[in-house]
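Okay, here's what each chain looks like letter by letter:
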Amino acid sequence: MTNSFASLGLAEPILRALAAEKYETPTPIQAQAIPALLAGKDLLGIAQTGTGKTAAFALPILQHLAAQRAHPVPKSPRALILAPTRELAIQIAEAFRAYGRFLGLRQTVVVGGVGYPQQIEALRRGVDILVATPGRLMDHMESGHVRLERVTHLVLDEADRMLDMGFVRDVRRIVAALPKRRQSMFFSATMPPEVTRLAHEMLFQPVRVEVTPQVVTVDKIQQNVHFVNAADKRTHLIKLLGDPALSRVIVFTRTKHAANRVAETLERAKVPAEAIHGNKSQNARQRALERFRSGRARVLVATDIAARGIDVDGITHVVNYELPNVPETYVHRIGRTARAGADGVAISLCDGSERAYLRDIERLTRRPIAVVGGQPTLLAERAKPAQPNRHGPAKHWHRRFARRAA
Ligand code: AMP
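A brief structural summary. (Residues numbered from 1 in each chain as written. Predicted model: local features only at pLDDT ≥ 70, side-chain atom pairs only at ≥ 80, totals over all residues. Heavy atoms only, no water.)

## Overview of the overall build of the chain
Stated formally: In this text, helices come from DSSP runs of H or I with a minimum length of four residues, and strands from runs of E with a minimum of two, each type numbered from the N-terminal end. When a residue's accessible area, from a 1.4 Å probe over protein chains only, is under 20% of the maximum for its type it is buried; when over 50% it is exposed; and in between it is partly exposed. Note on definitions: a residue-residue contact is assigned when non-hydrogen atoms from the two residues lie within 4.5 Å. Residue exposure ignores everything except the shown protein chains as possible cover, and the areas themselves are Shrake-Rupley values with a 1.4 Å probe.
A tally of helices and strands in the chain yields 17 helices and 14 strands. In the chain, which comprises 406 residues, the proportion classed as buried is 52%. Relative to all contacts within the chain whose residues are 6 or more apart in sequence, the contacts with residues 24 or more apart total 75%. Roughly 17,700 Å² of accessible area belongs to the chain as shown, and the carbon and sulfur atoms make up 51% of that amount.

## Here we look at the packing of aromatic side chains
Selection rule: Think of it this way: a Phe, Tyr or Trp ring, Trp meaning its six-membered ring, pairs with another when their centres are within 6.5 Å, and the plane angle makes it stacked under 30 degrees, edge-to-face over 60, tilted otherwise.
Per the counting criterion, the structure on display carries 3 aromatic pairs. With a centroid separation of 6.3 Å and an interplanar angle of 45 degrees, the aromatic rings of Phe57 and Phe96 are classed as tilted. Of the two residues, Phe57 sits in helix α3 (residues 53-68) while Phe96 sits in helix α4 (residues 86-99), which places them 39 residues apart along the sequence. For the pair Phe57 and Phe96, one class covers both residues: buried. Here the aromatic rings of Phe57 and Phe187 are separated by 5.3 Å at their centres, their planes lie at 50 degrees, and the arrangement is tilted. Taken together, the residues span a long stretch of sequence, with Phe57 in helix α3 and Phe187 in strand β6 (residues 183-188) at a distance of 130 residues. With respect to class, Phe57 is no different from Phe187; both count as buried.

## Re the sheet that holds β6
The condition is simple: In short, DSSP must find at least two bridges between two strands for them to pair. For helices, the fitted line uses only the C-alpha atoms of the stretch in contact; every axis is such a line through C-alpha atoms, and the angle between N-to-C directions lies from 0 to 180 degrees.
Taken together, 7 strands build an open sheet; the order of strands is β3-β4-β2-β5-β6-β1-β7 and the sheet is parallel. Two strands in the sheet have a free side with no partner beyond their single neighbour: β3 (107-110) and β7 (207-210). On average, each strand axis in the sheet is inclined to that of its neighbour by 10 degrees, with strand direction left out of account. Inspection of the sheet shows strand β1 (residues 43-46) paired to β6 by 4 bridges, in the parallel sense. By the bridge assignment for β6, Ile46 is matched with Ser188.

## A short note on the pairing of strand β4 (residues 129-132)
As a general feature of sheets, a regular strand has side chains that alternate between the two faces. Applied cut-off: Here is how to tell: hold the view so the strands point away, follow the path from the first strand over the helix to the second, and if it runs clockwise the crossover is right-handed.
Side chains Ile129 and Val131 of β4 all project onto a buried face; the interleaved residues Leu130 and Ala132 project onto the opposite face, where all are buried too. Looking at chain direction, strand β2 (residues 79-82) and β4 are connected through 4 bridges and run parallel. In the strand pairing of β4, Leu82 is matched with Ala132. As judged from the 4 bridges shared by β3 and β4, these two strands associate in the parallel manner. Bridge assignment links Val109 to a residue of β4, and that residue is Val131. One crossover worth recording links β3 to the parallel β4 by way of helix α5 (residues 117-125), and it is right-handed.

## Observations regarding the environment of Ile92
Within the secondary structure layout, Ile92 lies in helix α4. Residue Ile92 is classed as buried on the basis of its relative accessible area of 0%. Taking the C-alpha atoms as reference points, Ile92 and Leu82, 10 residues apart in sequence, are found 9.7 Å from one another. Contact partners of Ile92, with chain neighbours within four places excluded, come to Thr54, Phe57, Ile81, Ala83, Val131 and Asp157.

## Quick word on unusual backbone geometry
In this structure, Lys75 takes a positive phi of about 65 degrees despite not being glycine. Note on placement: Lys75 falls in the loop between α3 and β2. When its relative accessible area of 28% is taken as the criterion, Lys75 is described as partly exposed.

## Examining the sheet that holds strand β9 (residues 249-253)
Across the sheet, 7 strands lie side by side as β10-β11-β9-β12-β13-β8-β14; this open sheet has parallel pairing. The open sheet is flanked by β10 (273-276) and β14 (370-372), the only strands paired with a single partner. Neighbour-to-neighbour, the strand axes of the sheet open up by a mean angle of 25 degrees, direction not taken into account. Both β10 and strand β11 (residues 299-303) contribute to a ladder of 4 bridges, which runs parallel. In the strand pairing of β11, Ile276 is matched with Ala302. Packing of helix α11 (residues 233-240) onto the sheet brings it into contact with β8 (221-227), β9, β12 (317-320) and β13 (344-350), and relative to β13 it is tilted by some 160 degrees.

## A short note on the nonpolar core
Going by this rule: What is meant by a nonpolar core is a set of buried Ala, Val, Leu, Ile, Met, Phe, Trp, Tyr and Cys residues, joined one to another through side-chain atoms within 4.5 Å.
Ranked by size, the top nonpolar core spans 39 residues in total, and within it Phe57, Leu59, Ile81, Phe96 and Tyr99 carry the most contacts. At the level of secondary structure, the elements contributing two or more residues to this core comprise α1 (12-20), α2 (28-38), α3, β2, α4, β4 and β6. Look past the residues within four positions of Ile81 in its chain and what remains in contact with it is Phe57, Ile92, Phe96, Ile129, Leu130, Val131, Ala132 and Val155. Formed by 29 residues, the second largest nonpolar core is a distinct cluster that contains Val110, Leu123, Met138 and Leu198.

## Considerations on the packing of helix α8 (residues 168-176) against helix α9 (residues 193-202)
The criterion, for reference: Comment on the angle field: the value is read as roughly parallel under 35 degrees, roughly antiparallel over 145, roughly perpendicular from 65 to 115, and oblique elsewhere. Gly is put with the polar residues, along with every residue not named as nonpolar or charged; the nonpolar set is Ala, Val, Leu, Ile, Met, Phe, Trp, Tyr, Cys and Pro, and the charged set is Asp, Glu, Lys and Arg.
The N-to-C vectors of α8 and α9 enclose an angle of 5 degrees; their axes lie 11 Å apart at closest approach. It follows from the interaxial angle that α8 and α9 lie roughly parallel. Contacts between α8 and α9 involve Val168, Val171, Arg172 and Val175 from the former and Glu194, Leu198, Glu201 and Met202 from the latter. Among the residues forming the contact of α8 with α9, the class breakdown is 5 nonpolar, no polar and 3 charged.

## Quick notes on helix α6 (residues 134-142)
Turning to α6, its buried residues number three or more, namely Pro134, Arg136, Leu137, Met138 and His140. Contact partners of the buried residues in α6: β2, β3, α5, β4, α7 (159-164) and α8.

Next up, the structure:
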């Protein structure tokens with residue numbers, strides 16, 4: 001079993017950058033993916049945020065690009081990373097910058113919600129690595145500010161989220177503009193049929209790596225459901241927040257509108273809160289996130305799309321103000337707590353119209369969610385025991401992470 005970055009075949013300047021990041025041991029996805037990617041293979045990675053997947057694709061790409069010793073050609077990146085949200089794109093670019101700090105490669109981020117001129121100028125000067133959201137990239141392609149003929153490395157990150165956000169058509173058009181000879185990496189937390197189809201179209205004989213199965217993530221989280229009338233949810237939430245144990249909380253809503261309303265209600269109740277969703281400008285989103293990260297805002301109210309890819313440690317509680325209609329989304333949401341090996345609590349407020357969603361969630365996670373407040377549970381499907389944990393290494397990785405955090 002490989003247990004050092006050096007033994008994975010990474011070059012010295014990258015090892016130095018990893019040491020500066022204080023990464024000691026590769027995570028399971030890194031240990032499996034990096035050698036295959038250094039060997040030039042395509043990859044299908046089934047993994048969610050928190051597994052170290054960004055470094056798993058970024059490190060081999062950096063190594064390949066550095067070895068090519070090519071100067072950036074105006075408008076023509078060599079590596080293209082597609083991400084569904086601006087936040088995720090920015091985080092990926094930060095990771096490339098950190099891991100590649102001794103390589104002298106150039107990179108830029110192209111996302112919506114911010115002005116065009118700076119992006120156009122950066123592309124014109126030439127970059128090695130381009131991290132982009134599909135919509136804005138398409139704009140730049142159509143106006144001739146970027147050309148993809150020289151791309152040798154493609155990453156599609158969070159493909160399932162791309163699908164949710166309606167980006168799949170754009171993604172297909174972007175991929176069609178790429179050279180056929182290239183290395184492709186495809187990441188998704190879940191593999192619904194449409195995502196599987198997309199993976200087949202994009203990849204050539206990929207190595208498949210799967211980590212952090214959902215059951216393991218969910219196992220570490222204490223999950224409760226409160227049956228509450230829709231009209232009473234706001235007061236119920238404020239009551240819950242009367243408990244100081246809820247010190248760093250993400251509240252999920254299904255819509256942007258509801259996110260705003262909940263954040264306003266909390267502010268009125270003197271609970272410092274920020275809302276984050278797709279209608280806010282990039283700057284407003286970064287500001288909100290920063291207030292939450294620094295602890296000045298105790299609560300972040302978020303839609304699923306906006307929350308995806310946000311890397312904030314130490315979240316004590318996730319509150320599902322509204323249950324998601326897609327059960328996998330529940331797993332993503334509650335995975336925001338219990339990161340980095342910590343334990344966490346997930347509280348769901350379920351009204352009469354959401355009971356079917358709750359049943360779907362329990363079916364997916366194969367475990368009942370404890371009902372708080374003594375109401376009878378009407379939910380069937382409670383007989384099946386939780387699946388045994390077949391994935392020892394992931395568990396060890398969590399423990400390592402816990403030590404690091406301590
Ligand atoms: P990701 O799943 O790529 O979003 O990574 C989750 C977090 O783990 C990020 O904060 C990374 O900086 C961190 N991380 C990634 N790989 C390692 C590693 N091998 N050792 C320690 N931390 C890591």
